[in-house]
Amino acid sequence: MAKSADIPAAHLDIPVAGMTCASCVGRVERAVASVEGVKSVAINLATERAHVTLSNAKVEVGPIAEAIRNAGYEPTESTIELKIAGMTCASCVGRVEKALRAVPGVVEASVNLATERASVRVLGSGDLKSSLIAAVVAVAYGAELIQLGADTSDREQKAREEEQAKLKRAVAVAAIATVPLLVFEMGMHLSEPLHHFLAGRIGEFNIKVMSFLLASFVQFGPGLRFLQKGWPALLRGAPDMNSLVMLGTSAAYLYSTVATFAPGLLPDGTDYTYFEAGAVIVTLILTGRWFEARAKGQTSEAIRRLMSLQAKSARVLRDGAEIDVAIETVVPGDIIIVRPGERIPVDGEVLEGLSYVDEAMITGEPIPARKEPGATVTGGTVNGTGAFRFTARKVGADTLLAQIVRTVEAAQGSKLPIQALVDKVTMWFVPAVIALALLTFAAWLVFGPSPAFAFALVNAVAVLIIACPCAMGLATPTSIMVGTGKGAELGILFRQGEALQSLKDARIVALDKTGTLTKGRPELTDLSVAPGFAEDEVLRLVASVESRSEHPVAEAIVAAARLRGFALAEPAEFAAEPGFGVKAKVEGRAIEVGADRLMRRLGLDLAAFADQAGQLAAAGKTPLYAAIDGKLAAIIAVADPIKETTPAAIAALHALGLRVVMITGDNKGTANAIAAQLGIDEVVAEVLPTGKSEVVKNLQAGGVKVAFVGDGINDAPALAQADVGLAIGTGTDIAIESADVVLMSGDLNGVAKAIALSQATIANIRQNLAWAFGYNIVLIPVAAGALYPAFGILMSPMFAGLAMALSSVSVLTNALRLRRFGGSVPKTQEPPSQPRLAAAE
């Protein structure tokens, strides 16, 4: 049996066929979790996928598939064909097979030396193609994907379409047989003339026989799926939705059969037939599942749209010639040619040429981005009217588009805390319904009016049919799927599904300043020197020191010096101290550049620049100081322009009733000036990079939920400390990895949109849960006959079937409303009152 590869972690995404309700989810999860080596498993009923995390590197995947099958469901397996190069003998075959079998998710691998092909059977539908090729290359052979037509996602989509077509045919066939059955059974009861006509022409017993034949056709034709799945589940002691339908329709069918052919076995006056009830129930439930299948397909539309952005081929420069190759064969280092209007195939860096690229599908930014030599390009984006060449840097599963798809899929497959109660309830729901149906039968049999047996049967069947665990199971995952998919379209990536729930509870939004509120590209605006120093010389020396620093302020000073044409010297003994500044020796002179706290530590008196520093800070500029050979030489002002979208973003956050706090290392004057421009509620200034997380912790005092927004390395601890961390996608990898939500563009409006989307999604989930639970709580007692003593009202099993079919469809339809979310926020509200923090001293 295949084993997983020797890598630190292994994950499997396995489509599981046959799940129809939340109790199915629980059974599959328990079955997979019981397999040795499985660390965790999460099932999403809406996507019909199992996300399995393996606890170690050598877990067999075969038992996982077997466990799913033993639970009564079918895991999806697929086959990938590879062309293998470099094999010469049987030992080569063995090595390649061993390498392929070591990839997590591979069930079996067979290599043919004569055809130089490998046929790999994989469990699930994860993107294993790149991993398989890499495994073969690692053992010194060549590998290339053989295109078999549609890829895995296409196969899944095709399978969904085939299932919808099967259900549509089943509904049509069942309806054709049910209509005459309704005429025979219901029509004869409702219309006296029709009754006499049919009885005279056909005969009452013959009509019963025809009804039996029609009902048998429906029961064992279109309705056979309920018997095939429901009966084995019942025998395993783990009944599901199919079991309820199977029990209800079978009870009505068997009772009617006895009443038709052996009425003497029944109590006097109870030989009624209910053939039409079972047939109508089967037809209605199949109709509901058909609508449900169509709606489910729409919930995953965002993923399909993202996948459709992937180019199928690339024009690559190889051996001096331009050739078109399959996207799977592109490797890092390839030179790729992009012509006007083409979709960029992989991620890379522009070598030559100039163009503008539409990146809206990735970042949400509507304005095309300029691409010139040195600029990065992203696979899936669309080139404009120019042409250029670029070097491939990331391909296959490493591209940004692939990462986005994986991120969205992971978020869609996650379970929110709100679903914990649902899981507990649905675990016992179906057995409880069966017990309640038996209790209903017994109660009507003992206390019901004559014919008690008939009343008992009809009401017990209604209880079995009315119950709908499907709606409970679909309530949360469908909303998560649509919500996270909509977020991806808006350039908002929820890296964890839990962030959807926790973000809506945020009461404070804490913001880093540089790169978040501002453009992150400061500009040198002022330079005043002390007596005895020349401005040009000071700027040249300071820029020489700052040329070794990667801080944005340093880049602004260096850019200003180069703009004036200064030749910078190479600094020696360079040292940087976060939060204070930098120092080095330039041409034998000691240069120190930094904040006022650095100058005070050097023992320098800043009184000469006090007035000017105050004016600069009041204008929102950051005052820095330079010391040369131990003497105060100059005050330098650097301003980081506020992003054009920032004022509107702050207003949108206030409209959501949130308190906005700015956390910055700038001095109080500069920070307060910017806060005043933007209407920020609170400022915590002069915070060292290591202190941001402590400020967030203080803001969380009393259980207040805090969302932190940042983009730099020094923001990572604060992002992790916050209840929800939001990283600007244009920031550093470490910040993004520390965040729960990634805003693909640098637009701060994404924060308000993310919060509004979180609120809309959780509200949608609550609506779904209220409907699903309320439906069952209200209608199950009605089906049991609770209204009969007072009002004489009983529920027909046929109406119960219709109500059950519509329940799941209504939940899915409500979840799909989230696709219309446009990112708008409510009208301005007063921000909630919160205790203010004193600015750091």
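Residues numbered from 1 in each chain as written. Predicted model: local features only at pLDDT ≥ 70, side-chain atom pairs only at ≥ 80, totals over all residues. Heavy atoms only, no water.

Turning our eyes to something else, we now look at the sheet that holds strand β27 (residues 706–710). With mixed pairing, the seven strands of this open sheet are ordered in space as β17-β29-β28-β27-β18-β25-β26. One side of each edge strand has no neighbouring strand; the edge strands of this open sheet are β17 (492–494) and β26 (682–684). Strand-to-strand twist across the sheet, computed as the mean angle between neighbouring axes with direction ignored, equals 20°. In this sheet, β27 lies alongside strand β18 (residues 508–512) in parallel orientation, the contact comprising four bridges. Bridge pairing links Ile508 to Val706 in β27. (Pairing = 2+ DSSP bridges. Helix = DSSP H or I, 4+ residues; strand = E, 2+ residues; numbered from the N terminus. Axes fitted to C-alpha atoms, helices over the stretch in contact; angles between N-to-C directions.)

Before going further, it helps to examine the packing of aromatic side chains. What characterises a pair of aromatic rings is the spacing of the ring centres plus the angle enclosed by the ring planes. Applying the stated rule across the entire model yields 13 aromatic pairs. Aromatic pair Phe220 and Tyr253: ring centres 5.5 Å apart, planes at 85°, arrangement edge-to-face. Of this pair, Phe220 sits in helix α7 (residues 204–220) while Tyr253 sits in helix α9 (residues 241–261), and the two are 33 residues apart along the sequence. Judged by relative accessible area, which is 44%, Phe220 ranks as partly exposed. A relative accessible area of 10% means that Tyr253 is categorised as buried. On the numbers, 5.3 Å between centres and 25° between planes, the contact of Tyr255 with Phe453 is stacked. Of this pair, Tyr255 sits in helix α9 while Phe453 sits in helix α15 (residues 452–466), and the two are 198 residues apart along the sequence. Members of the aromatic cluster, joined through ring pairs, are Phe205, Phe212, Phe220, Tyr253, Phe261 and Phe275. Looking at Arg601, its charged tip hangs above the ring of Phe580, at a distance of 4.5 Å from the centre. (Phe/Tyr/Trp six-rings, centres within 6.5 Å; stacked < 30°, edge-to-face > 60°. Buried < 20%, exposed > 50% of the residue type's maximum accessible area, 1.4 Å probe, protein only. Lys NZ or Arg CZ within 6 Å of the ring centre and 35° of its normal.)

Contact geometry of helix α16 (residues 469–489) with helix α30 (residues 797–816) gives a least axis separation of 9 Å together with a crossing angle of 15°. With respect to each other, α16 and α30 are oriented roughly parallel. As α16 runs across α30, the sense of the crossing is right-handed. Across the interface between the two elements, Cys470, Ala471, Leu474, Ala475, Thr478, Ser479 and Val482 from α16 touch Ser807, Ser808, Val811, Leu812, Ala815 and Leu816 from α30. Grouping the constituent residues of the contact of α16 with α30 by class yields nine nonpolar, four polar and no charged. (Parallel < 35°, antiparallel > 145°, perpendicular 65-115°, else oblique. Left-handed = near helix turned anticlockwise from the far one by under 90°. Contact = heavy atoms within 4.5 Å. Nonpolar A, V, L, I, M, F, W, Y, C, P; charged D, E, K, R; others polar.)

With that out of the way, let us pick up the environment of Pro368. You can see Pro368 is positioned in the loop between α12 (360–363) and β13 (369–371). Put simply, Pro368 and Gly384 are 16 residues apart on the chain and 8.1 Å apart in space, counted from C-alpha to C-alpha. Not counting chain neighbours up to four residues away, the residues in contact with Pro368 comprise Tyr356, Val357 and Asp358.

Let us look at the sheet that holds strand β1 (residues 10–17). Pairing between the strands of a sheet is mediated by backbone hydrogen bonds and can be parallel or antiparallel. Pairing within the open sheet is antiparallel, and its four strands lie in the order β2-β3-β1-β4. Of all the strands in the sheet, the pair left with one neighbour each is β2 (38–44) and β4 (74–75). Alignment of β1 against strand β3 (residues 49–54), held across six bridges, turns out to be antiparallel. Its bridge partner being in β3, Pro15 is matched across the sheet by Arg49.

Let's shift gears to the pattern of salt bridges. For the structure on display, the rule yields 27 salt bridges. Arg540 serves as the salt-bridge partner of Glu537, at 3.1 Å between the closest nitrogen and oxygen. Of this pair, Glu537 and Arg540 both sit in helix α19 (residues 535–546), three residues apart, which is roughly one turn of the helix. In this structure, Arg659 and Glu682 form a salt bridge, with 3.6 Å as the shortest nitrogen-oxygen distance. Of the two residues, Arg659 is situated in strand β25 (residues 659–663) and Glu682 in strand β26; the sequence distance between them amounts to 23 residues. For the pair Arg659 and Glu682, a shared accessibility class is recorded, and that class is buried. (Salt bridge = Lys/Arg side-chain N within 4 Å of Asp/Glu carboxyl O.)

Most of the time, phi is negative for any residue but glycine, and the peptide bond is trans. Backbone torsion omega between Ser450 and Pro451 reads -5°, so that peptide bond is classified as cis. Within the secondary structure, Pro451 is located in the loop between α14 (419–447) and α15. Phi angles above zero are rare outside glycine, and Asp319 is one such case at about 55°. In this fold, Asp319 is placed in the loop between β9 (313–318) and β10 (321–326). A relative accessible area of 85% places Asp319 in the exposed class. Within the chain, Glu587 stands out as a residue other than glycine whose phi angle is a positive 55°.

Moving on to a nonpolar patch on the surface. A contiguous nonpolar patch, built from Leu445, Val446 and Phe447 and spanning about 350 Å² of accessible area, is present on the exposed surface. Position of Val446 among the secondary structure elements: in helix α14. (Patch = residues over 30% accessible without salt bridge, like charges linked within 9 Å, V, L, I, M, F, W, Y side chains within 5 Å. Areas by Shrake-Rupley, 256 points an atom, 1.4 Å probe, with all protein chains shown as cover.)

One can describe the packing of α7 onto α9 by two numbers: an axis separation of 10 Å at closest approach and a directional angle of 155°. Compared by their axis directions, α7 and α9 come out roughly antiparallel. Along this stretch, α7 crosses α9, giving a crossing that reads as left-handed. On the side of α7, the interface is formed by Phe205, Lys208, Val209, Phe212, Ala215, Ser216, Gln219 and Phe220, while α9 contributes Thr249, Ser250, Tyr253, Thr257, Ala259, Thr260 and Phe261.

One finds Val52, Ile64 and Leu726 to be the most contacted residues of the largest nonpolar core, which totals 144 residues. Ranked by the residues each element gives to this core, the list is headed by helix α28 (residues 749–784), at 17 residues. Setting aside its immediate chain neighbours within four residues, Ile64 contacts Leu12, Ile14, Val32, Val35, Val38, Val52, Leu54 and Leu123. In terms of nonpolar packing, the next biggest core, distinct from the first, is built from 25 residues, Leu539, Ile591, Ile628 and Ile636 among them. (Core = buried A, V, L, I, M, F, W, Y, C linked by side-chain atoms within 4.5 Å.)

Turning to the UniProt feature "transmembrane region" (unreviewed entry) in the chain, a few remarks are in order. The feature "transmembrane region" (unreviewed entry), as annotated in UniProt, sits at residues 170–190, 205–224, 244–266, 272–291, 425–447, 453–476, 769–791 and 797–816 in this numbering. End C-alpha to end C-alpha, residues 272–291 measures 33 Å, and it is 85% helix and 0% strand. Overall, residues 453–476 shows 92% helix and 0% strand. The separation of its end C-alpha atoms is 40 Å. (UniProt positions renumbered as here; feature names shortened; annotations may be inferred.)

Covered by surrounding structure in strand β8 (residues 142–145) are Ala143 and Leu145 only, the residues Gly142 and Glu144 on the alternate face being uncovered. Bridge count between strand β5 (residues 77–85) and β8: four bridges; the pairing is antiparallel. Within the sheet, the bridge partner assigned to Ala85 lies in β8 and is Gly142.

What follows deals with the confidence of the model for the chain. Taken residue by residue, the chain gives an average pLDDT of 82. The fraction at 70 or more is 87%. Contacts of residues 827–841 to residues separated by more than four positions or lying in other chains number 40 contacts, the stretch itself having pLDDT below 50. (pLDDT = per-residue confidence, 0-100.)

Quick look at the state of the cysteines now. If you walk through the whole model with that rule in mind, you get zero disulfides. Free cysteine: Cys21, not disulfide-bonded; nearest cysteine sulfur from Cys24 at 3.7 Å. Cys21 gets classed as buried once you look at its relative accessible area, which sits at 0%. (Disulfide = S-S within 2.5 Å.)

In this section: the side chain of Ser528. Relative to the elements of secondary structure, Ser528 occurs in strand β19 (residues 523–529). What Ser528 contacts, discounting residues up to four positions off in sequence, is Phe609, Gln612, Ala633, Ala634 and Ile635.

Let's shift gears to the pairing of strand β28 (residues 724–728). Here β28 lies mainly inside the structure; five of its five residues are buried. Residues of β28 alternate between two faces, with Val724, Leu726 and Ile728 on one and Gly725 and Ala727 on the opposite face, all of them buried. In the sheet, β27 pairs with β28 via four bridges, with the strands oriented parallel. Bridging across to β28, Phe708 finds its partner in Gly725. Both β28 and strand β29 (residues 741–743) contribute to a ladder of three bridges, which runs parallel. Across the sheet, the residue bridging to Ile728 is Leu743, located in β29.

This brings us to helix α1 (residues 22–33). For an α-helix, 3.6 residues make a turn, and residues three or four places apart therefore share a direction. With 12 residues, α1 should reach 16 Å at 1.5 Å per residue; the first-to-last C-alpha distance of 16 Å fits that figure. α1 sits mainly inside the fold: 10 of its 12 residues count as buried. (Expected span 1.5 Å × (residues − 1).)

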